[in-house]
Amino acid sequence: MFSRCLLGDLFIHGIGGAKYDELGDAITGRFLGFDPPDFLTLSMTAWLGLAEHSTSPTTLTALDRSIRSLIYNPDRHIPEPWTDDQRSLIQAKRAAIGRDVSTHAERIDRFREIRRINEALEPDVLDQLARLRDDRRRVVQDLEANQVAHNREFSFVLYPHERIRDLMTGVERGV
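**Student:** For this particular structure, what's the right way to read the overall build of the protein chain?
**Tutor:** Secondary structure assignment for the protein chain yields seven helices and two strands. Each helix and strand of the protein chain, ordered N terminal to C terminal, gives the series α-β-α-β-α-α-α-α-α. Expected size for 175 residues packed as a compact globule is a radius of gyration near 16 Å; at 30 Å, the protein chain overshoots this value by more than 25%. Taking the principal axes of its C-alpha atoms as reference, the protein chain extends roughly 85 × 45 × 25 Å. By residue count, 23% of the 175 residues in the protein chain fall in the buried class. Looking at the protein chain alone, contacts between residues at least 24 apart form 74% of all its contacts between residues at least 6 apart. Carbon and sulfur atoms make up 54% of the accessible area of the protein chain, which totals about 12800 Å². Separation between the mean location of the 24 positive side-chain charges and that of the 28 negative ones in the protein chain comes to 6 Å.

**Student:** What exactly am I supposed to notice about the pairing of strand S1 (residues 10-13) here?
**Tutor:** Across a regular strand the side chains alternate sides, sitting on one face of the sheet and then on the other. Of the strand pairs in this sheet, S1 and strand S2 (residues 38-41) are connected by four bridges, and their pairing is parallel. Its bridge partner being in S2, Phe 11 is matched across the sheet by Phe 39. Viewed along the sheet, the connection from S1 through helix H2 (residues 15-32) into S2 turns out right-handed.

**Student:** Please clarify how the pattern of salt bridges should be interpreted in this entry.
**Tutor:** Charged atoms that come close allow side chains of opposite charge to pair. Summed over the entire model, instances satisfying the criterion amount to six salt bridges. With a closest N to O distance of 3.1 Å, Glu 113 and Arg 99 form a salt bridge. Of the two residues, Glu 113 sits in helix H5 (residues 104-121) while Arg 99 sits in the loop between helix H4 (84-98) and H5, which places them 14 residues apart along the sequence. On the basis of relative accessible area, Arg 99 is assigned to the partly exposed category, the value being 35%.

**Student:** Would you explain H2 in this entry?
**Tutor:** Think of an α-helix as 3.6 residues a turn; residues three or four steps apart then line up on the same face. Taking 1.5 Å per residue as the helical rise, H2 with its 18 residues ought to reach 26 Å, and the 25 Å between its terminal C-alpha atoms agrees with that figure. For H2, the set of buried residues is Gly 17, Ala 18, Asp 21, Gly 24 and Thr 28. Against helix H1 (2-6), S1 and S2 lie the buried residues of H2.

**Student:** Looking at this model, I keep getting lost on the environment of Lys 93. Mind explaining?
**Tutor:** Counting through the fold element by element, Lys 93 comes out in helix H4. Classification of Lys 93 by relative accessible area gives buried; the value is 2%. Separated by 33 residues in sequence, Lys 93 and Leu 60 place their C-alpha atoms 29 Å apart. Contact partners of Lys 93, with chain neighbours within four places excluded, come to Tyr 72, Asn 73, Pro 74, Asp 75, Ile 114, Ile 117 and Asn 118.

**Student:** Explain the side chain of Ser 69 here, please?
**Tutor:** In this fold, Ser 69 is placed in helix H3 (residues 57-72). Apart from the residues lying within four places of it in its own chain, the contact partners of Ser 69 are Pro 74 and His 77.

**Student:** Hey, could you run me through a nonpolar patch on the surface in this one?
**Tutor:** A grouping of Met 1, Leu 23, Ile 27, Phe 31, Leu 32 and Phe 34 is seen on the molecular surface, where their side chains present a nonpolar patch of about 620 Å² in accessible area. As for its placement among the helices and strands, Ile 27 is situated in helix H2.

**Student:** Is there a simple way to think about the nonpolar core in this case?
**Tutor:** Across soluble globular proteins, you tend to see nonpolar side chains buried next to one another. Counting 15 residues, the largest nonpolar core has Leu 70, Ile 78, Leu 121, Leu 132 and Val 139 as its most contacted members. Broken down by secondary-structure element, the contributors of at least two residues to this core are H3, H4, H5 and helix H6 (126-149). In this structure Leu 70 touches His 77, Val 125, Gln 128, Leu 129 and Leu 132, once residues within four positions along its chain are discounted.

**Student:** Looking at this structure, I do not really get the packing of H4 against H5. What am I missing?
**Tutor:** Relative placement of two packed helices is described by the angle separating their axes and the distance separating the axes. Their axes nearest at 10 Å, the elements H4 and H5 cross at an angle of 155 degrees. Judged by the inter-axis angle, H4 sits roughly antiparallel to H5. Helix-helix and strand crossings are classified by hand; for H4 and H5 the assignment is left-handed. Judged by residue contacts, Gln 86, Leu 89, Ile 90, Ala 92, Lys 93, Ala 96 and Ile 97 of H4 engage Arg 110, Glu 113, Ile 114, Ile 117, Asn 118, Ala 120 and Leu 121 from H5. Partitioned by chemical class, the residues of the contact of H4 with H5 number nine nonpolar, two polar and three charged.

About the cut-offs
- Residues numbered from 1 in each chain as written.
- Predicted model: local features only at pLDDT ≥ 70, side-chain atom pairs only at ≥ 80, totals over all residues.
- Heavy atoms only, no water.
- Helix = DSSP H or I, 4+ residues; strand = E, 2+ residues; numbered from the N terminus.
- Rg over C-alpha atoms; globule rule 2.2 N^0.38 Å.
- Buried < 20%, exposed > 50% of the residue type's maximum accessible area, 1.4 Å probe, protein only.
- Contact = heavy atoms within 4.5 Å.
- Areas by Shrake-Rupley, 256 points an atom, 1.4 Å probe, with all protein chains shown as cover.
- Lys, Arg positive; Asp, Glu negative; His and termini not counted.
- Charge placed at Lys NZ, Arg CZ, Asp CG, Glu CD.
- Pairing = 2+ DSSP bridges.
- Right-handed = clockwise from strand over helix to strand, strands pointing away.
- Salt bridge = Lys/Arg side-chain N within 4 Å of Asp/Glu carboxyl O.
- Expected span 1.5 Å × (residues − 1).
- Patch = residues over 30% accessible without salt bridge, like charges linked within 9 Å, V, L, I, M, F, W, Y side chains within 5 Å.
- Core = buried A, V, L, I, M, F, W, Y, C linked by side-chain atoms within 4.5 Å.
- Axes fitted to C-alpha atoms, helices over the stretch in contact; angles between N-to-C directions.
- Parallel < 35°, antiparallel > 145°, perpendicular 65-115°, else oblique.
- Left-handed = near helix turned anticlockwise from the far one by under 90°.
- Nonpolar A, V, L, I, M, F, W, Y, C, P; charged D, E, K, R; others polar.

Remember that the coordinates give geometry; whether it matters functionally is a separate question.
Have a look at this one:
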């Protein structure tokens, strides 16, 4: 408030500061009895220039879907030819899924049987699961890095001098 009233005729803010000055105008008018000098709101999206990764949230969604499928449907991911044990477990799971159940207890028993079969088949897809979980970790790290790279809250002092000059030259030209 002091700076606006005593040091200038126009104060320039980004969006956040302008919101504070709307309130400041009301306070100044009420307590000091005059309107402070005008302020101008300026906003520009300028990335700092940090490295960006070519991944997206849809990649993460697809990986999560694949991981879930490996956990709950390992039978769909085991390549043929199946071993005798794999074949009998897969047939047992198909039979359990197709079994007619009418009571809550029967549904729970079927669920537990399917879960037991999935757990028995899980070692056959552990390598695939481990690869997907590694991929998922990398994608999450890349998405977090992109979030930092696209943050608009970095102070201008962190930007290279040339970047600021180029941005301001573009503003001056109306680009």
